[in-house]
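Structural characterization, general
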Amino acid sequence: MISKLSITQRFLVTGLLLLCACLGQAQAQASESSIRFQEFSIRIQPPKQLITTLKLDYDLSDYLREGLLNGLTLQNETRFTLEWHNTWWWNTQKPLVVVKTELKYHPLSKQYQVVRQDTKQSWNFPNLPAALEQMGALSDHRLPALPGDAWGDNAAIFVTATLTQQSLELPLKLKSLFSDRYSLESDGVLWPIP
């Protein structure tokens, strides 16, 4: 009985060590490729109109760079959510708006194309850093009108950004559930409503 327990304990300890090593490696890979908020601001324009300006900084993985050059489309989504803080229960959330932008590479012209889905604006760039800078910029964007109970009622605007491959086939969609290799996600930014 003692030898069985020691074997089981050894197995558990070895498994835990392998799990910690895998998590550490996954965290190191995740830190290499990410989305960060470089700038973020919201101002109030009378009467109670919120206008936002933000700039995202992208660190693409080698996999995403190669996929882009091989015909995959990258889609950026910047989500604005209205959130009410609740001390006794879960926070209440209401989606406000999602700003979608696509990034493609055209091998014949050797140009990167950025298309904003809501306005249908399109820009072409000769290099990836310039295209990523345009994709991550949102200037003087008007947010939808907030409900009356959002003003002065412990509410805030929560903003996140994600970058995903738009054209994933089914096996890659399943793999993307278990790997950060196929997408990037930012930390959220919270702006309290006065």
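Quick look at the structure, then.

Rules of the game
- Residues numbered from 1 in each chain as written.
- Predicted model: local features only at pLDDT ≥ 70, side-chain atom pairs only at ≥ 80, totals over all residues.
- Heavy atoms only, no water.
- Helix = DSSP H or I, 4+ residues; strand = E, 2+ residues; numbered from the N terminus.
- Contact = heavy atoms within 4.5 Å.
- Areas by Shrake-Rupley, 256 points an atom, 1.4 Å probe, with all protein chains shown as cover.
- Salt bridge = Lys/Arg side-chain N within 4 Å of Asp/Glu carboxyl O.
- Patch = residues over 30% accessible without salt bridge, like charges linked within 9 Å, V, L, I, M, F, W, Y side chains within 5 Å.
- Buried < 20%, exposed > 50% of the residue type's maximum accessible area, 1.4 Å probe, protein only.
- Arc of directions from axis to C-beta.
- Phe/Tyr/Trp six-rings, centres within 6.5 Å; stacked < 30°, edge-to-face > 60°.

Comments concerning the overall build of the protein
- Helices and strands together make up the secondary structure of the protein, namely four helices and ten strands.
- Taken from the N to the C terminus, the helices and strands of the protein come in the order α-β-β-α-β-β-β-β-α-β-β-α-β-β.
- Here the analysis covers contacts within the protein between residues at least 6 apart in sequence; of these, 60% occur between residues at least 24 apart.
- Total accessible area on the protein stands at roughly 12500 Å², and carbon and sulfur atoms take up 57% of it.

Thoughts on the pattern of salt bridges
- Overall, the coordinates contain six salt bridges when judged by the stated rule.
- Measuring nitrogen to oxygen at the nearest pair gives 2.7 Å for the salt bridge that ties Arg 36 to Asp 59. Of the two residues, Arg 36 is situated in strand E1 (residues 34–45) and Asp 59 in strand E2 (residues 49–59); the sequence distance between them amounts to 23 residues.
- Here the salt bridges share partners, and the residues they tie into one network are Arg 36, Asp 57 and Asp 59.

Some words on a nonpolar patch on the surface
- A grouping of Trp 88, Trp 89 and Trp 90 is seen on the molecular surface, where their side chains present a nonpolar patch of about 580 Å² in accessible area.
- Within the fold, Trp 89 resides in the loop between strand E3 (74–84) and strand E4 (92–106).

What to know about helix H2 (residues 62–69)
- For H2, every residue scored as buried is listed here: Tyr 63, Leu 64, Gly 67 and Leu 68. End-on view of H2: buried residues confined to an arc of 135 degrees, all on one side of the axis. Exposed side of H2, more than 90 degrees from the buried face: Asp 62 and Glu 66 are the residues found there.
- A positive phi of about 105 degrees marks Gly 71, the residue just after H2.

Observations regarding the environment of Asn 70
- The residue Asn 70 is located in the loop between H2 and E3 in this model.
- Taking relative accessible area as the criterion, Asn 70 reaches 66% and is therefore assigned exposed.

Structural notes on the packing of aromatic side chains
- Counting across every chain of the model gives three aromatic pairs.
- Plain terms: the ring middles of Trp 89 and Trp 90 are 4.9 Å apart, the flat faces sit at 75 degrees to each other, and that makes the pair edge-to-face. Comparing Trp 89 with Trp 90, the two get one shared label, exposed.
- Measuring from ring centre to ring centre gives 4.7 Å for Tyr 105 and Tyr 112, while their planes differ by 50 degrees; the resulting arrangement is tilted. For the pair shown, Tyr 105 and Tyr 112 are each scored as buried.

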